[in-house]
Amino acid sequence: MARRLGRSLWGARWRILGAIVLIGVAGYLAVPWLLGPVVTAQTALRQDLVQSVVASGRVQTPHRVNIGSQITGTVASVPVAEGQAVEAGRILVTLEDSELRASVAQAEAAVAQAEARVRQIAEVTLPVARENLSQAQSNLLNAQQQYDRAESLRTGGFETQVQLENARRALSVAQAQVRAAQAQVAGNAPGGTDAVAAEAALRQAHASLLVALSRLDYTQIRALEAGTLIARNVERGWVVQPNQVLMVLSPNGEIEIVVQIDEKNLGLLAIGQHATASADAYPDRRFAAELVYINPSVDPDRASVEVKLRVTPLPPDYLRQDMTVSVDIAVAERAGVLVLPISAVHDAAGPSPWVLRIEGGRAHRRPVRIGLRGAQYLEILDGLQEGDRMVPASAAVADGSRVRTMAAR
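As a convention, each chain's residues are numbered from 1 in the sequence order in which they are written. With the structure being a predicted model, the display of local features is reserved for residues of pLDDT at least 70 and the display and counting of side-chain atom pairs for 80 or more, all residues being used for whole-chain, interface and lining totals. To get the side-chain values, take all heavy atoms of the structure and skip hydrogens and water.

*Asks:* Help me understand the overall build of the protein, please; the structure alone is not making it clear to me.
*Replies:* Only DSSP runs of H or I with at least four residues qualify as helices, and only runs of E with at least two residues qualify as strands; both kinds are numbered from the N terminus onward. Scanning the protein for helices and strands turns up five helices and 22 strands. Buried residues in the protein amount to 33% of all 409 residues. Partitioning the contacts of the protein with sequence separation of at least 6, the portion at a separation of at least 24 is 74%. Looking at the protein as shown, the accessible area adds up to about 24,500 Å², and 53% of this sits on carbon and sulfur atoms. Accessibility here uses a 1.4 Å probe with only protein chains present; expressed as a share of the type maximum, an area under 20% marks a residue as buried, one over 50% as exposed, and anything in between as partly exposed. Only heavy atoms enter the contact rule, under which two residues are in contact if any of them lie within 4.5 Å. Using a 1.4 Å probe, accessible areas were evaluated by the Shrake-Rupley method; residue-level cover was limited to the displayed protein chains.

What follows is the structure, encoded as structure tokens:
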């Protein structure tokens, strides 16, 4: 009997093993069905919550300086390179200046000639004119005396009519000479026509010299303020013209971050809000910024609004123009509010958010009302109490199902 029983069991060994495996699998599958799946419960708790708007933008200065030439000329040298920091007054581009230097020399000669003319009038022409006037006045006095004598003698019959006429003509000539000498003195005296003309010519010569010096100075294109050259579009030997951008200078000073914010968040933004930012190239190095500008219009193509943040108090030395930056703008903050991880809320962005609250080993659907929205947590205004545990939204658990929980790590 024992041997027959042994042979029977040995022959049915595979069927027995299969039955054991089936029983094990059935038991394994029956446990979750009977007791529910194991989930990592999310607990409602109280803590401080900051709602923020996250976006990315680029680093810019409040303004950029386009550097160009004010005259047409040939580039003689470019002593700076793109990306170089320059101080105010630094020569950036030098143009050929031989022709303009000749113009300056010509203008200087014209000034010297005009100055000599003014000195000549004051030191030579005017004194000579005054001497001529004195001589003419003496001749007039003598001619007047001769005429008076001739007229007296003619009345007494001692002079002829011809002699009287000669004396009268001599008097007229002397009078004319006095008037000419007076005119010459008046013209060369200060305020006279010749003096004014000479002074006007001197001022014109000085103006022409200033123009020539200015054009010569235009051959040295300088930085009007300290900054960094972020673009260079000129080389030695190029012929440049006015209104042609040769370089772009980013002035030192304030740094702005220009960001495009989704228009749905426009109502959350306000001037003066604080933010933290980090450059994509240096994600572990964060710095402070402040919202200083909100564009009054919305871009219809991108459904976004442009905002600007000023880096305060001083920008980090590693920031570069047009560098990509991520910003986190704190738009609201509350202390000690009831919060729940976003991962536990279904339809969190919709009109009717809800959760699966664990009650007595089962998941029950509960509607909730949401307040502030943080990066990882949501404020729960109504529907839950502190300590309530929720099934994660990613778990495949239906309303009313049994669940087993384990603590979140």
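Still more to cover.
*Asks:* Sorry, what's going on with the side chain of S304 here?
*Replies:* Residue position: S304 is located in strand 15 (residues 304-311). On the accessibility criterion, S304 (6% relative accessible area) is buried. Reaching out from S304, the side chain makes a polar contact with the side chain of Q260 at a distance of 3.0 Å. The contact partners of S304, leaving out residues within four places of it in the chain, are Q260, I261, D262, E263, V298 and D299. Pairs of N or O atoms are called polar contacts if they sit within 3.5 Å, as long as, within protein, a hydrogen donor faces a hydrogen acceptor (for residues adjacent in sequence, only side-chain-to-side-chain pairs).

*Asks:* What's the story with the nonpolar core in this structure? I'm lost.
*Replies:* Inside soluble globular proteins, nonpolar side chains tend to come together where they are buried. I67, L92, V93, L229, V234 and M247 are the most contacted members of the largest nonpolar core, which totals 28 residues. Only strand 4 (65-68), strand 7 (91-95), helix 3 (98-156), helix 5 (193-217) and strand 11 (245-251) provide two or more residues apiece to this core. The contact partners of I67, leaving out residues within four places of it in the chain, are L92, I221, L229, Q244, V245, L246, M247 and L249. Nonpolar cores are built from buried Ala, Val, Leu, Ile, Met, Phe, Trp, Tyr and Cys residues. Side-chain atoms within 4.5 Å join them into one set. Core analysis: the second largest hydrophobic core is formed by 25 residues, V53, L269, A277 and M323 among them.

*Asks:* Looking at this model, I keep getting lost on the environment of Q47. Mind explaining?
*Replies:* Structurally, Q47 is set in strand 3 (residues 45-60). Classification of Q47 by relative accessible area gives partly exposed; the value is 27%. In this structure, the C-alpha to C-alpha distance between Q47 and G336, residues 289 residues apart in sequence, is 4.5 Å. Once residues lying within four places of it in the same chain are set aside, the contact partners of Q47 are R334, A335, G336, V337, V339 and Y377.

*Asks:* Teacher, can you tell me more about helix 5 here?
*Replies:* Note: α-helices contain 3.6 residues per turn, so residues at a spacing of three or four share the same orientation. Helices are assigned an expected span. That span is 1.5 Å times one less than the residue count. Taking 1.5 Å as the rise per residue, helix 5 with 25 residues should run 36 Å; its terminal C-alpha atoms sit 36 Å apart, in good agreement. For helix 5, the complete set of buried residues consists of A195, A198, L202, A205, L209, A212 and L216.

*Asks:* What am I meant to see in the environment of I71 here?
*Replies:* Along the chain, I71 turns up in the loop between strand 4 and strand 5 (73-77). Each residue touching I71, except ones within four places of it in the same chain, is listed here: L95, L100, R215, Y218, T219, V240, Q241 and P242.

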